[in-house]
Amino acid sequence: MADDSSEIGQGTGRSVGLISLPDPVRSPWWELGRRLLLAFAILFGTVLIVYLDRGAYRDGNDPPGYGVNLVDSIYYTTVTLSTTGYGDIAPVAPHARLINAFVITPLRIAFLVLLIGTTLEVLASQGRRMFRIARWRKRMAAHVVVIGYGTKGRAAVDTIVNNGLSRESIVVVDPGAEALQEAHADGLAVVTGDATRRDVLRRAGVGEADQVIITTNRDDSNVLATLTVRQLNPEVWIVAACREQENVALMRQSGANSVITSSDAVGRLLGLSSLSPTLGQVMEDLLTYGEGLEVAERDLIVSEVGKQPQQLPDQVIAVVRDEKVYRYFDPVVTQLARGDRLIVVRPARELPWAPRPGTHDEELATDE
C-alpha cells in the first residue's frame, strides 16, 4: 500500500526487483477434494487399461480359459495401486508386464503421493496453524495493536520496533488484502477485518493490550474505532491519528490519550522548510530514527538529582513530574527531583567521547 487508502486498517529494506507472486487462497477442504478427484481419475484410468487388455491377465483362482472381467479389473487396480498385491491376478503377456512396469507402477506412486501427501499436508498445516495461534494467544499480553497498515501505520511500527519492541508483540488490524501481505512480509501478526467491530478487536487481543495505535485515513472511522477500543479496554493507552484539527477534541472525547494531527503537522513542517530550509532539515533530523539527533524520554539518574535541567549533558526540553509535562524553564522544575523523567534531545547514537546518561547501568533516581 503506497498510501493510507484503507479505511480501517519493517519494511524499510525491501528487496528491489524481487518478484513475488501471491499464493491462491483456497480452503484446505477444496485442496483435499481436488486431490481425491485426481486419485479417482488415476483409479479409473488404471481400470480402463487393465480391462481393455484383459486378455493379457490371468486370475489364478479361475478355471483355465476363464477371462478377467470388469470386476476383476477393478479388484486388480485397487490392490495394485494400494500396494497390497495378493498376486491372484497377474499379467502373463510380455506387453502387459511392460505396461505394469512403466505405466501402472508410476500411477501407483502418484496415487500414494496424492492420498498420503494430502492427508499429511492437511493434518500438518491445520495442526500447525492451530498450535501457532494457541501459542500466540498465550504469549499475547501487554502488546501493541496497530489499526491500519498504510503509510502512517508502517512508520509507527518501524519507530517502535527500532526503539526495542519486538515484532512478536505487535498485532495489525486491517481489512485489506494488500495490507495483509505487507504486514506478513514485515513479520507481523494480522487480524483481517473492520476495526470498528468488537469481535475483530477481541481477536486482536485489545482487552489485554498495553497500547493501541489508530492510523486509518478517515477521522470518522478513527473516532468509532477509538470508542470501541475504549469500551473493550478502559485502561489501554490509545494514540490516534487525526486528519483535521477540528476533530481533535472529538477524538479525545472518544477516549484517545494522544491525538496527532497529520495534516497540520505536515503543513507546519512544509512552512518551516520554506521559511528556513536549515530549520526544516533539523526538524526532519529529529523525526528520523537512527542518525543525527533524536528526541527521547529517559529516567533521571541519581547524580542528576538537585540540578537544573540546563546543567545536564543532554539537552533537556521538558520534564515529566507527577504525570504532568513542564518546559525546562518552568519554575516548578528549577531543581530536578527523584521520580522525574526527562524529555531530551541527544545524539541518535552514543558517541565515544560523550556517553549517553542512563545507558550504563547508572542508579536511577526513581520514587521506589
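Residues numbered from 1 in each chain as written. Predicted model: local features only at pLDDT ≥ 70, side-chain atom pairs only at ≥ 80, totals over all residues. Heavy atoms only, no water.

What follows is about helix H7 (residues 219–232). Structural remark: α-helix, 3.6 residues per turn; residues separated by three or four positions point the same way. Taking 1.5 Å of rise per residue, the 14 residues of H7 would be expected to cover 20 Å, and the 20 Å separating its terminal C-alpha atoms lies within 8% of that figure. Considered for burial, the residues of H7 that qualify are Asp219, Ser221, Asn222, Val223, Ala225, Thr226, Thr228, Val229 and Arg230. (Helix = DSSP H or I, 4+ residues; strand = E, 2+ residues; numbered from the N terminus. Expected span 1.5 Å × (residues − 1). Buried < 20%, exposed > 50% of the residue type's maximum accessible area, 1.4 Å probe, protein only.)

Evaluated as defined, the whole model comprises eight salt bridges. A salt bridge links Arg346 to Glu294; the nearest nitrogen and oxygen atoms lie 3.1 Å apart. Of this pair, Arg346 sits in strand E12 (residues 341–347) while Glu294 sits in strand E9 (residues 293–299); the two residues are 52 residues apart in sequence, bridging distant segments of the chain. Overall, Arg346 belongs to the buried group, its relative accessible area being 12%. Its salt-bridge partner being Asp314, residue Arg298 comes within 2.8 Å of it at the nearest N-O pair. Of the two residues, Arg298 sits in strand E9 while Asp314 sits in the loop between E9 and strand E10 (315–321), which places them 16 residues apart along the sequence. Residue classification places Arg298 among the buried positions, given a relative accessible area of 6%. Salt bridges linked by common partners bring Glu297, Asp299 and Arg341 together as one network. (Salt bridge = Lys/Arg side-chain N within 4 Å of Asp/Glu carboxyl O.)

A word on the confidence of the model for the chain. Averaged over all residues, the pLDDT of the chain equals 77, while 76% of them reach at least 70. Looking at the elements of the chain, mean pLDDT is at its lowest for strand E2 (residues 89–91), recorded as 65, and at its highest for strand E6 (residues 211–214), recorded as 93. (pLDDT = per-residue confidence, 0-100.)

Judged from the four bridges that link them, strand E3 (residues 144–147) and E6 form a sheet pairing that is parallel. Residue Val144 lies in a different strand from E6, and its bridge partner there is Gln211. Bridging between E6 and strand E7 (residues 237–242) involves four bridges; their strand directions are parallel. Note on E7: the bridge partner recorded for Ile213 is Val239. (Pairing = 2+ DSSP bridges.)

Our next topic: the packing of aromatic side chains. Throughout the structure, instances matching the rule amount to one aromatic pair. An angle of 80° between the planes, with centres 5.3 Å apart, marks the rings of Tyr328 and Phe329 as edge-to-face. Classification of Tyr328 as partly exposed rests on a relative accessible area of 33%. Residue class for Phe329 comes out exposed when judged on its relative accessible area of 55%. (Phe/Tyr/Trp six-rings, centres within 6.5 Å; stacked < 30°, edge-to-face > 60°.)

With that out of the way, let us pick up the nonpolar core. Core analysis: the biggest nonpolar cluster contains 25 residues, and Val145, Ile147, Val173, Val212, Ile214, Val229 and Met251 have the highest contact counts within it. Of all the secondary structure elements, the ones that give two or more residues to this core are E3, strand E4 (170–173), helix H6 (198–203), E6, H7, E7 and helix H8 (248–253). Counting residues in hydrophobic clusters, the runner-up holds 13 residues, among them Tyr149, Ala156, Val172 and Leu188. (Core = buried A, V, L, I, M, F, W, Y, C linked by side-chain atoms within 4.5 Å.)

Closest axis-to-axis distance for the helix H9 (residues 262–275)/helix H10 (residues 277–287) pair is 5 Å, and the angle between their directions is 140°. Viewed along their axes, H9 and H10 adopt a mutual orientation that is oblique. The segment H9 lies against H10, with Leu269, Leu272, Ser273 and Leu275 engaging Pro277, Leu279, Gly280, Met283 and Leu287. Its residues assigned to classes, the contact of H9 with H10 comprises seven nonpolar, two polar and no charged. (Axes fitted to C-alpha atoms, helices over the stretch in contact; angles between N-to-C directions. Parallel < 35°, antiparallel > 145°, perpendicular 65-115°, else oblique. Contact = heavy atoms within 4.5 Å. Nonpolar A, V, L, I, M, F, W, Y, C, P; charged D, E, K, R; others polar.)

Residues Val144 and Val146 point to one face of E3 and Val145 and Ile147 to the other, with burial holding for every one of them. Relative to E4, E3 runs parallel, the two sharing four bridges. Bridging from a neighbouring strand, Val144 pairs with Ile170 of E4. Regarding topology, helix H4 (residues 151–162) serves as the crossover connection from E3 to the parallel E4, and that connection is right-handed. (Right-handed = clockwise from strand over helix to strand, strands pointing away.)

Strands sit in the order E5-E4-E3-E6-E7-E8 across an open sheet of six strands; the sheet is parallel. Each edge of the open sheet carries a strand with a single partner, namely strand E5 (189–191) and strand E8 (258–261). Across the sheet, the mean angle separating the axes of adjacent strands is 20° when strand polarity is ignored. Taken together, the four bridges between E7 and E8 define a ladder with parallel strand orientation. Note that in E8 the partner of Ala241 across the bridge is Ile260. Here H7 sits on the sheet and contacts E3, E6 and E7; the angle it forms with E7, its principal contact strand, is near 170°.

The strand order across the open sheet built from four strands is E9-E12-E10-E11, with neighbouring strands paired in antiparallel fashion. Both edges of this open sheet fall to E9 and strand E11 (324–327), since each of them pairs with a single strand only. Pairwise comparison of adjacent strand axes, ignoring direction, gives a mean angle of 30° for this sheet. With seven bridges joining them, E9 and E12 adopt antiparallel strand pairing. Its bridge partner lying in E12, Asp299 is registered against Arg341.

Now for the environment of Asp219. Along the chain, Asp219 turns up in helix H7. C-alpha separation for the pair Asp219 and Arg243, spaced 24 residues apart in sequence, amounts to 6.4 Å. Once you skip the residues sitting within four places of it in the chain, Asp219 turns out to touch Ala241, Cys242, Arg243, Glu244, Asn247 and Met251.

Mapped onto the present numbering, the UniProt feature "transmembrane region" (unreviewed entry) falls on residues 36–52 and 98–123. Here residues 36–52 is 100% helix and 0% strand, with 24 Å between the C-alpha atoms at its ends. (UniProt positions renumbered as here; feature names shortened; annotations may be inferred.)

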